[in-house]
Amino acid sequence: MACDGIALLLWQMNQAVNITFPHNIRLTVKREDLLHPHISGNKFRKLKYNILRAKEEGRTTLLTFGGAFSNHIAATAAAGKEYGFEAVGIIRGEELVDKIVDNPTLAFAESCGMKFKFVSREQYRDKTDVAFIAALREEFGDFYLVPEGGTNALAVKGCEEILSAGDEQFTHVCCAVGTGGTISGLINSAGAGQRVLGFPALKGAALQEEIAIFAKNANWELVEEYHFGGYGKVTGELIAFMNDFFVETGILLDPVYTGKLFFGVIDMINKGIFPENSDILLIHTGGLQGIAGMNRELMRKKLPIIKT
């Protein structure tokens, strides 16, 4: 995973889509979802320097944590396959052990060679506990630990590279927020006068403190009105918006992160919250692999599905 190769990939694949609104407000979508077919968007950024560090340390196994439909689990499994690592996923939910074939995310991760350890939700809460990590090392050897969601200092370093010199024109930079790593990188690399807005996918999460660990500037805020009930939850209104957006622009959004981000930004524009002449950059962080799992759930409930 040479740095030069990564830089070339970004140069070739990163595309922008511009959308103009009334009051001379412009949206530009940075297509981070196009960086890699399976190590998508912010996961590519977060894993980049962690994989380089794992190589430097001579590690041969990546171990990480995630839920049943985790973008991070899918991306880590794909990265392990592509860059020559064994991959281990500690999965929240013991009941999933015999349901891999019915879960698109886990089935994909397994097809990449990822090994799973399914733990109870109570055990999963110990994912940062020293004794729990030591027990995992006894079981899986001297692995390189990637935190849940991929967020650590090296991940933030990778996310700082999302913005480039050509992005200095934007007045606002907007992204979805999960564990806080992506927005922290954007905060650190944003230019003077730019405002970074984060749209959390989680309801009531203590994200301010998490972001403050890595963020070096005070040029940001969280917009917490667009979580649609919490992590992984959707409504008919959100699905309809995503489908309409796809028909109008050709851009797929995911239901957990980017769908809520784009809905929120456009709703704020329509409500007059952004000033006239705002030039807004939306970061499409990928996560499209989660659509298949969400559509299975929507079909089970006999609800409209996400168009692809």
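All chains use their own residue numbering, which begins from 1 and follows the written sequence. Note on the predicted model: pLDDT of at least 70 is required for a residue's local features to be given, and 80 or more for side-chain atom pairs to be given and counted; whole-chain, interface and lining totals, by contrast, use all residues. Processing note: side-chain calculations cover all non-hydrogen atoms of the structure and skip hydrogens and water entirely.

J.: Could you clarify how one ought to interpret the side chain of T61 in this entry?
T.: Among the secondary structure elements, T61 is positioned in strand β3 (residues 61-66). With residues near it in sequence (within four places) discarded, T61 still touches F85, E86, V88, F143 and Y144. Where helices and strands are cited, they refer to DSSP runs of H or I of at least four residues and of E of at least two residues respectively, numbered from the N terminus. It only takes one pair of heavy atoms within 4.5 Å for two residues to be counted as in contact.

J.: What exactly am I supposed to notice about the packing of aromatic side chains here?
T.: Geometrically, a pair of aromatic rings is defined through the distance of the ring centres and the angle of the planes. Note on aromatic pairs: the rings of Phe, Tyr and Trp (six-membered ring only in Trp) are paired at centre separations within 6.5 Å, and the planes decide the class, stacked below 30 degrees, edge-to-face beyond 60, tilted for the rest. Summed over the entire model, instances satisfying the criterion amount to nine aromatic pairs. Their ring planes at 40° and their centres at 6.1 Å tell us that F199 and Y226 sit as a pair that is tilted. One end of the pair, F199, is in strand β8 (residues 195-200); the other, Y226, is in the loop between β9 (220-222) and α10 (236-249), with 27 residues separating them in the sequence. The residues F199 and Y226 share a single accessibility class, namely buried. Measuring from ring centre to ring centre gives 6.1 Å for Y231 and Y257, while their planes differ by 65°; the resulting arrangement is edge-to-face. One end of the pair, Y231, is in the loop between β9 and α10; the other, Y257, is in the loop between α10 and α11 (258-270), and 26 residues separate them in sequence. For each residue, the accessible area found with a 1.4 Å probe, counting protein chains only, is set against the maximum for its type, and the residue is called buried under 20%, exposed over 50%, and partly exposed in between. Residue Y231 is classed as partly exposed on the basis of its relative accessible area of 41%.

J.: I keep staring at the sheet that holds strand β6 (residues 144-145) and nothing clicks. Help me out?
T.: Strands in a sheet are paired, the pairing made by backbone hydrogen bonds, and the direction either parallel or antiparallel. For two strands to count as paired, DSSP must find a minimum of two bridges between them. The four strands are arranged β5-β4-β3-β6 in an open sheet whose pairing can be described as parallel. Of all strands in the sheet, those bounded by a partner on one side alone are β5 (115-119) and β6. Looking at chain direction, β3 and β6 are connected through two bridges and run parallel. By the bridge assignment, L63 is partnered in β6 with L145. All axes are obtained by fitting lines to C-alpha atoms, using only the stretch in contact for helices, and the reported angles, taken between N-to-C directions, cover 0 to 180 degrees. On top of the sheet, helix α6 (residues 130-140) reaches β3, β4 (86-92), β5 and β6; it is set at about 135° to β3, its chief contact.

J.: Please clarify how the pattern of salt bridges should be interpreted in this entry.
T.: A side chain with one charge can pair with a side chain of the opposite charge if their charged atoms come near. Counted as salt bridges are all cases of a side-chain nitrogen of Lys or Arg within 4 Å of a carboxyl oxygen of Asp or Glu. Taken as a whole, this structure holds 17 salt bridges when the rule is applied. A salt bridge links K301 to E297; the shortest N-O distance between them is 3.7 Å. Salt bridges sharing partners connect three or more residues here, namely E57, R59, R137 and D142.

J.: What should I look at first to understand unusual backbone geometry in this one?
T.: Phi at N24 takes a positive value of approximately 55°, unusual for a residue other than glycine. Here N24 is to be found in the loop between β1 (16-21) and β2 (25-31). Even without glycine at this site, K302 takes up a positive phi of about 60°. By the element assignment, K302 lies in the segment after α12 (290-300). Among the residues examined, K302 registers a relative accessible area of 77% and is labelled exposed.

J.: I keep staring at the confidence of the model for the protein chain and nothing clicks. Help me out?
T.: In low-pLDDT segments, the atomic positions of the prediction should not be examined closely. Residues at a pLDDT of 70 or more form 94% of the protein chain, whose mean pLDDT is 91. Ignoring residues within four places in sequence, the model shows residues 1-14, a span with pLDDT below 50, making 19 contacts including any to other chains. pLDDT measures how confident the predictor is about each residue, on a scale from 0 to 100.

J.: Looking at this structure, how should I read the pairing of strand β10 (residues 279-284)?
T.: Every other side chain in a regular strand lies on the same face of the sheet, so the side chains alternate between the two faces. Here β10 lies mainly inside the structure; six of its six residues are buried. Burial along β10 is two-sided: D279, L281 and I283 facing one way and I280, L282 and H284 facing the other are all buried. In this structure, β2 lies alongside β10, joined through six bridges in parallel fashion. Paired with L27 across the bridge in β10 is I280. The pairing of strand β7 (residues 172-177) with β10 spans three bridges and is classified as parallel. Its bridge partner lying in β10, V173 is registered against L281.

J.: Where do I start with the nonpolar core in this structure?
T.: Within soluble globular proteins, side chains that are nonpolar tend to cluster in buried spots. For the purposes of this section, nonpolar cores are sets of buried Ala, Val, Leu, Ile, Met, Phe, Trp, Tyr and Cys residues that join through side-chain atoms within 4.5 Å. In this structure, L27, F199, V265, F274 and I280 are the most contacted members of the largest nonpolar core, which totals 37 residues. Among the elements that line this core, the one with the most residues is α11, at seven residues. When neighbours within four sequence positions are excluded, V265 is seen to be in contact with L27, C174, F199, F274, I280 and L282. Ranked by size, the runner-up nonpolar core spans 30 residues in total, among them L35, Y49, A75 and L96.

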